[in-house]
Amino acid sequence: MVKLLEWQGKEIFRRYNIPLPKGGVARSVGDVSRLLGGTVPLPAVIKAQVRVGGRGKGGALRFANTVAEAEAAVSDLIGKEFKGEKVQEVLVEEKMPLAGELYVSITLDRSRRKPILMYSREGGVEIENVADEQIGKIWIHPSVGVLEYEKRLVANRMKLPAPAAKELGGLIEALWRIFRSEDAELVEINPLGIVGDHLVALDSKIILEDDALFRHPAYQHEGGEMTPLEQKAHEKGIAFVEMGGDIGVIANGAGLTMATLDIILENGGRPGVFLDLGGTDDPAKVSEAFAMMGEAKPKVVFINVFGGVTRCDTVATGLVNEMKRNPPAFPLVTRIRGHNEKEGMAILRDAGTQSYSDIAEAVRHVVQLEGRP
Amino acid sequence: MSVLVDGSSRILVKGITGHQGTIHTRGMKSFGTNVVAGDTPGKGGTTVEGVPVFNSTQEAVDATKPNVACLFVPAPYTKDALFETVDAGIPLAVIITEHVPFHDMLDMLYYAKANGTRIIGPNCPGVATPGGAKVGIMPNVIFQKGNVGVVSRSGTLTYEIVNGLKEAGLGQTTCIGLGGDPVPGTTFIDALELFQNDPDTKAIVMVGEIGGVAEEEAAAYIKAKLDKPVVSYIAGISAPPGKRMGHAGAIITRGRGTAASKMAALTDAGAKVAKFPYEIPSLVKESLR
């Protein structure tokens with residue numbers, strides 16, 4: 001998923017005519033006087049541009065009544081880290097006198113297989129802390145969109161003054177168009193401020209769908225929370241997750257990978273890193289994964305692959321060839337099942353690898369090799 | 001009997017001239033599947049694995065009367081290919097392609113529903129009825145004809161489980177791979193209903209995963225409507241807390257979606273829940289006794 005920064009989301013809001021505070025992005029202290037001397041009036045709010053939540057409590061939002069105060073805040077925020085994320089940009093915006101804070105979002109309800117519009121009068125706090133009965137929900141037919149009566153209903157329930165009520169309909173329509181046209185997983189405004197009799201989007205949260213990025217070349221998947229090894233694997237189409245234990249696991253397919261981890265943990269082992277080759281049986285990918293596993297320095301590695309279309313002997317040959325090229329520094333336990341498994345197991349045994357067909361037996365051996373009490 | 005596909009199914013492979021389309025057409029044919037046609041724009045008049053190729057779905061339908069389409073079309077073109085399938089009146093579309101944007105799938109799902117086409121997938125291994133037909137990419141060697149219905153969200157884990165059933169002497173009526181995408185064309189509940197109405201299916205194996213609430217909903221359906229025994233397995237009980245789809249996503253699920261909540265719901269519905277995949281065959285045997 002591609003999580004946009006607040007200012008990136010607001011750029012999209014601007015294109016869809018959603019009302020915003022006056023503001024601009026600063027990348028250094030030098031940008032501040034330009035912004036505050038021109039487009040942005042004082043008093044101002046200075047907001048660190050990070051993707052992690054809880055910015056208010058974390059000290060990532062500052063207020064300034066003068067240019068000097070704003071410059072001090074920017075100088076302090078740039079380069080600072082919030083939950084491991086380094087601040088490179090800040091958003092400098094006019095501070096608005098608020099009469100209320102609302103919540104509105106559109107996301108996918110996987111269970112109903114429909115988009116869902118959620119809204120609440122309790123904006124400005126994390127929505128998961130708002131009681132269910134304070135959150136309104138409307139499910140949207142994808143080819144129909146949000147109907148006019150539904151927009152009126154939301155405005156009524158939000159108890160808005162007349163101008164704001166009218167604006168809300170247009171704003172919901174804009175959110176819907178962003179959700180669909182920009183291929184969003186989530187479009188959220190929290191808080192949606194009431195300023196006088198009007199609405200202003202004080203924050204933006206937009207998450208775009210990875211699978212649709214081919215339609216939006218301006219946005220690229222960002223490694224974000226991945227470790228360097230995870231990032232490297234991601235580029236090769238392999239899911240690689242580091243978990244902190246000593247057992248390396250290579251499996252193919254998310255379900256089989258999870259089942260393998262379940263069995264290891266149940267037997268007292270501690271998975272350190274797992275590699276999901278995906279629903280593929282490509283032996284070249286097995287070799288690559290094996291080479292990458294070495295970099296994670298596990299104590300023992302367990303390979304659990306189900307050979308479907310590609311035969312087990314082909315996978316085993318690919319693995320053994322890689323082991324000859326780069327002899328591993330760790331013991332290896334394998335379980336390769338499926339098409340031509342006997343031939344595959346014979347190849348692995350000839351290469352001196354412990355090879356099992358029974359998973360429980362294989363896992364017990366792996367845990368023993370991990371050597372924990 | 002079986003569900004969705006059988007020996008009378010006539011398969012059209014969309015995207016047959018691509019690498020995956022060609023490999024799996026060969027696999028389907030060696031399973032005994034009646035692959036009657038393929039289509040790829042601009043490749044009409046050629047053949048792949050002895051199967052005639054047409055320029056459009058309508059031409060393929062006019063000439064060979066397929067009643068199942070199997071889609072190997074790349075993700076950016078899958079929506080177009082599915083609409084073409086529906087417009088040609090084919091009642092079942094199995095979409096193997098992964099990475100189809102869910103926004104496209106929303107359009108596809110409601111268009112297909114309104115026009116009488118069932119979608120399986122996307123991002124799924126397909127459907128197989130041993131002794132009848134296989135549509136998709138499941139390995140041929142794992143199956144055996146019998147009376148267990150299998151439905152799953154996983155790929156390779158399903159192969160592993162079906163293979164385990166075979167080794168225990170438990171054959172299958174039909175195996176359905178629903179795929180793991182956020183918007184599946186066919187759900188657990190749809191598949192359970194099909195098996196409930198199939199007289200030859202005596203027991204059902206349901207393989208789920210953490211995430212989403214499809215298993216919890218299936219459990220409610222089992223409790224209310226099903227009188228056949230269900231054996232279930234949920235992968236991911238040990239999974240580290242995964243990424244969440246933002247706070248808004250958490251509001252919709254509110255504490256559901258974990259392996260524990262799924263297993264509890266299924267147990268409450270009267271299903272037998274395997275802790276590990278290798279426990280499934282003995283639980284099925286127990287249910288059939």
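The rules we used
Residues numbered from 1 in each chain as written. Chains lettered and ligands numbered in written order. Predicted model: local features only at pLDDT ≥ 70, side-chain atom pairs only at ≥ 80, totals over all residues. Heavy atoms only, no water. Pairing = 2+ DSSP bridges. Helix = DSSP H or I, 4+ residues; strand = E, 2+ residues; numbered from the N terminus. Axes fitted to C-alpha atoms, helices over the stretch in contact; angles between N-to-C directions. Contact = heavy atoms within 4.5 Å. Disulfide = S-S within 2.5 Å. Buried < 20%, exposed > 50% of the residue type's maximum accessible area, 1.4 Å probe, protein only. Salt bridge = Lys/Arg side-chain N within 4 Å of Asp/Glu carboxyl O. Polar contact = N/O pair within 3.5 Å; in protein donor to acceptor, adjacent residues only side chain to side chain. Nonpolar A, V, L, I, M, F, W, Y, C, P; charged D, E, K, R; others polar. Domains from an automatic or database assignment.

Turning our attention to the sheet that holds strand S3 (residues 44-48) of chain A. Pairing between sheet strands relies on hydrogen bonds along the backbone, with the strands arranged either parallel or antiparallel. Residue and element names in this part refer to chain A. Judged by pairing direction, the sheet is antiparallel, and its four strands sit side by side in the order S2-S7-S3-S4 without closing on themselves. The open sheet has two edge strands, strand S2 (23-26) and strand S4 (61-64), and neither has a second partner. Strand-to-strand twist in this sheet, taken as the mean axis angle between neighbours without regard to direction, amounts to 25°. Here S3 pairs with strand S7 (residues 90-94) via five bridges, running antiparallel. Opposite alanine 48, over in S7, you have valine 90 as the bridge partner. Along the sheet, helix H3 (residues 67-77) contacts S3, S4 and S7; its crossing angle with S4, the most-contacted strand, is approximately 160°.

Turning our eyes to something else, we now look at the state of the cysteines. Disulfides are covalent bonds that link the sulfur atoms of two cysteine residues. Residues and elements named next belong to chain B. In total, this model carries zero disulfides over all chains according to the counting rule given. Cysteine cysteine 70 shares no disulfide, and the gap to the nearest cysteine sulfur, in cysteine 124, comes to 7.9 Å. Classification of cysteine 70 by relative accessible area gives buried; the value is 0%. With no disulfide partner, cysteine 175 has as its closest neighbouring cysteine sulfur the one in cysteine 124, 13 Å distant.

Right, let's talk about the sheet that holds strand S4 (residues 51-54) of chain B for a bit. Residue and element names in this part refer to chain B. The strand order across the open sheet built from seven strands is S3-S4-S2-S1-S5-S6-S7, with neighbouring strands paired in mixed fashion. Only two strands of the sheet have a single partner each, and these edge strands are strand S3 (47-48) and strand S7 (118-120). Of the pairings in the sheet, the one linking S3 to S4 comprises two bridges and is antiparallel in character. Considered in S4, the bridge of valine 48 is made with valine 51.

If you look at the interface, chain B gives 60 residues, while chain A gives 58 residues. Applying the counting criterion to the chain B and chain A interface returns five salt bridges. A salt bridge links Arg337(A) to Glu167(B); the shortest N-O distance between them is 2.5 Å. On inspection of chain B and its partner chain A, the count reaches 18 residue pairs in polar contact (both at pLDDT 80 or more). Broken down by element, the residue count for the side of chain B that touches chain A peaks at eight residues, all from helix H4 (residues 102-114) of chain B. Across the side of chain B that touches chain A, the residue classes break down as 33 nonpolar, 13 polar and 14 charged.

The subject of this paragraph is the domain arrangement of chain A. Each domain of chain A was delimited in the assignment, giving domain 1 (22-94), domain 2 (100-215) and domain 3 (228-370). A separation of 45 Å is found between the C-alpha centroids of domain 2 of chain A and domain 3 of chain A.

Attention shifts here to the side chain of His103(B). Mapped onto the elements of the fold, His103(B) is located in helix H4. Residue classification places His103(B) among the buried positions, given a relative accessible area of 3%. Within the structure, His103(B) has its side chain in polar contact with the side chain of Arg180(A) (distance 3.2 Å). Every residue in contact with His103(B), bar those within four places of it in the chain, is listed here: Phe179(A), Arg180(A), Asp183(A), Ala184(A) and Glu209(A).

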